[in-house]
Amino acid sequence: MATQNIVLIGFMGTGKTTVGKQLASTLSMKFLDMDNVIVERTGKSIPDIFAQDGEQHFRALERNLAHELSKQSGLIIATGGGIVLNPANISDLSRTGLVVCLSATPAKILERVATDTNRPLLASGDKMEKIEELLYKRKPLYDSISNQIDTTNLSVEEITENIIRTFENSSV
Ligand code: S3P
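Predicted model only: the values in this text are computed from it and were never measured.

**Considerations on the site of the ligand**
Right, so step 1: The ligand sits among 14 residues. The nearest are Lys16, Asp35, Arg59, Arg119 and Arg138.
Right, so step 2: At 2.7 Å, a side-chain N or O of lysine 16 approaches an oxygen atom of the ligand.
Right, so step 3: Note that an oxygen atom of the ligand is positioned 2.6 Å from one of the side-chain N or O atoms of arginine 119.
Right, so step 4: Taking 380 Å² as the accessible area of the ligand by itself, protein coverage stands at 96%.
Right, so step 5: Among the cavities detected, the one that contains the ligand is the largest pocket.
Right, so step 6: The set of elements that each furnish at least two residues to the shell around the ligand consists of helix H3 (46-53) and helix H4 (55-69).
Right, so step 7: Each residue belonging to the shell around the ligand can be placed in one class, and the counts come to 6 nonpolar, 3 polar and 5 charged.

**Focus on the layout of surface pockets**
Right, so step 1: Within this model, the largest pocket holds a volume of roughly 630 Å³.
Right, so step 2: For the lining of the largest pocket, the elements supplying multiple residues, two or more each, are helix H1 (16-27), helix H2 (34-42), H3, H4 and helix H8 (156-169).
Right, so step 3: Per-element tally for the lining of the largest pocket: the top contributor is H1, with 4 residues.
Right, so step 4: Of the residues assigned to the lining of the largest pocket, the class counts are 12 nonpolar, 14 polar and 9 charged.
Right, so step 5: In this structure, the second largest pocket spans a volume of roughly 240 Å³.
Right, so step 6: Every residue lining the second largest pocket is counted, 16 residues in all, and those nearest its centre are Ser103, Ala104, Leu135, Lys139 and Asp143.
Right, so step 7: Elements with a contribution of two residues or more to the lining of the second largest pocket: strand E4 (97-103), helix H6 (106-113) and helix H7 (127-143).

**Describing the packing of H3 against H4**
Right, so step 1: Between H3 and H4, whose axes approach to 6 Å, the crossing angle comes to 125°. By the angle class used here, H3 and H4 are oblique. Together, Ile46, Ile49, Phe50 and Asp53 of H3 and Glu55, His57, Phe58, Arg59 and Leu61 of H4 make up the contact between the two elements.
Right, so step 2: Each residue belonging to the contact of H3 with H4 can be placed in one class, and the counts come to 5 nonpolar, 1 polar and 3 charged.

**Quick notes on helix H5 (residues 87-95)**
Since the α-helix advances by 3.6 residues per turn, residues separated by three or four positions end up pointing in the same direction.
Right, so step 1: For H5, the full list of buried residues reads Asn89, Ile90, Asp92 and Leu93. The buried residues of H5 all sit within an arc of 165° when viewed along its axis, so they share a single face.
Right, so step 2: Those residues of H5 hidden inside the fold are in contact with strand E1 (5-10), H4, strand E3 (75-78) and E4.

**Focus: the packing of aromatic side chains**
Right, so step 1: Enumeration over the complete set of coordinates arrives at 2 aromatic pairs.
Right, so step 2: Here the aromatic rings of phenylalanine 11 and tyrosine 142 are separated by 6.4 Å at their centres, their planes lie at 90°, and the arrangement is edge-to-face. One end of the pair, phenylalanine 11, is in the loop between E1 and H1; the other, tyrosine 142, is in helix H7, and 131 residues separate them in sequence. Both residues of the pair, phenylalanine 11 and tyrosine 142, belong to the buried class.
Right, so step 3: Relative to phenylalanine 58, the ring of phenylalanine 50 has its centre 5.0 Å away and its plane inclined at 40°; by these criteria the two rings are tilted. This pair shows no difference in class: phenylalanine 50 is buried, exactly as phenylalanine 58 is.

**Notes on the pattern of salt bridges**
Right, so step 1: For the coordinates displayed, the defined rule picks out 10 salt bridges.
Right, so step 2: Arginine 41 is paired through a salt bridge with glutamate 68; the nearest N and O atoms lie 2.7 Å apart. Of this pair, arginine 41 sits in helix H2 while glutamate 68 sits in helix H4, placing them 27 residues apart in sequence.
Right, so step 3: Note on arginine 41: relative accessible area 55%, which makes it exposed.
Right, so step 4: Here lysine 108 and glutamate 111 are joined by a salt bridge, their closest N and O atoms 3.3 Å apart. Here lysine 108 pairs with glutamate 111, and both are found in helix H6, just 3 residues apart, close to one helical turn.
Right, so step 5: With relative accessibility at 21%, the residue lysine 108 sits in the partly exposed group.
Right, so step 6: Assessed through its relative accessible area of 56%, glutamate 111 is described here as exposed.
Right, so step 7: Linked by salt bridges that have partners in common, Glu55, Arg59 and Glu62 make up one network.

Rules used throughout
Residues numbered from 1 in each chain as written. Predicted model: local features only at pLDDT ≥ 70, side-chain atom pairs only at ≥ 80, totals over all residues. Heavy atoms only, no water. Near = heavy atom within 4 Å. Polar contact = N/O pair within 3.5 Å; in protein donor to acceptor, adjacent residues only side chain to side chain. Areas by Shrake-Rupley, 256 points an atom, 1.4 Å probe, with all protein chains shown as cover. 1 Å grid on protein atoms, 1.4 Å probe; cavity = no way out; pocket = protein on both sides within 12 Å on 5 of 7 lines; lining within 4 Å. Sits in = over half its atoms within 2 Å of the grid points. Helix = DSSP H or I, 4+ residues; strand = E, 2+ residues; numbered from the N terminus. Nonpolar A, V, L, I, M, F, W, Y, C, P; charged D, E, K, R; others polar. Points joined across faces, edges and corners; volume = space filled by probe spheres on them. Axes fitted to C-alpha atoms, helices over the stretch in contact; angles between N-to-C directions. Parallel < 35°, antiparallel > 145°, perpendicular 65-115°, else oblique. Contact = heavy atoms within 4.5 Å. Buried < 20%, exposed > 50% of the residue type's maximum accessible area, 1.4 Å probe, protein only. Arc of directions from axis to C-beta. Phe/Tyr/Trp six-rings, centres within 6.5 Å; stacked < 30°, edge-to-face > 60°. Salt bridge = Lys/Arg side-chain N within 4 Å of Asp/Glu carboxyl O.

As structure tokens, this is what we get:
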């Protein structure tokens, strides 16, 4: 049987990429960051896609990629924070993968994204306000994922071990 994917979901700054790379290295699986694939394929940065083509276009690219990846196996997938906005993405990605939602407090998220310029949804206005507003809107969507890890006070190793335990006990 093919190795199922591990799919990391969660708001910006919850650790999806960092944890995903560590998981890939520990499990000797391939790491794939959905935003990076979109950047490579379009030849544009995420802020440029949002500015030139609009968020809806980005969401369509994200939707197509989620569908494509649901047919692959053996991957550690870091999704973009807005993947939950379309429920079809979650049902697709759940089909061949263990889906884990990472979370963190708004203060910790702010600390992690403070100097970042690559996130168009946090680019204008007060970052903390934007984080709280988006988190409030999306909370039910993130909460609906059954595997949850609050990364606020955990090391990358602790998070990775926790996910591997769940992965080993899960079956698709
Ligand atoms: C987004 C999160 C980003 C990226 C885009 C939109 C979101 O990914 O996909 O800027 O809607 O939360 P990260 O969660 O990797 O920052």
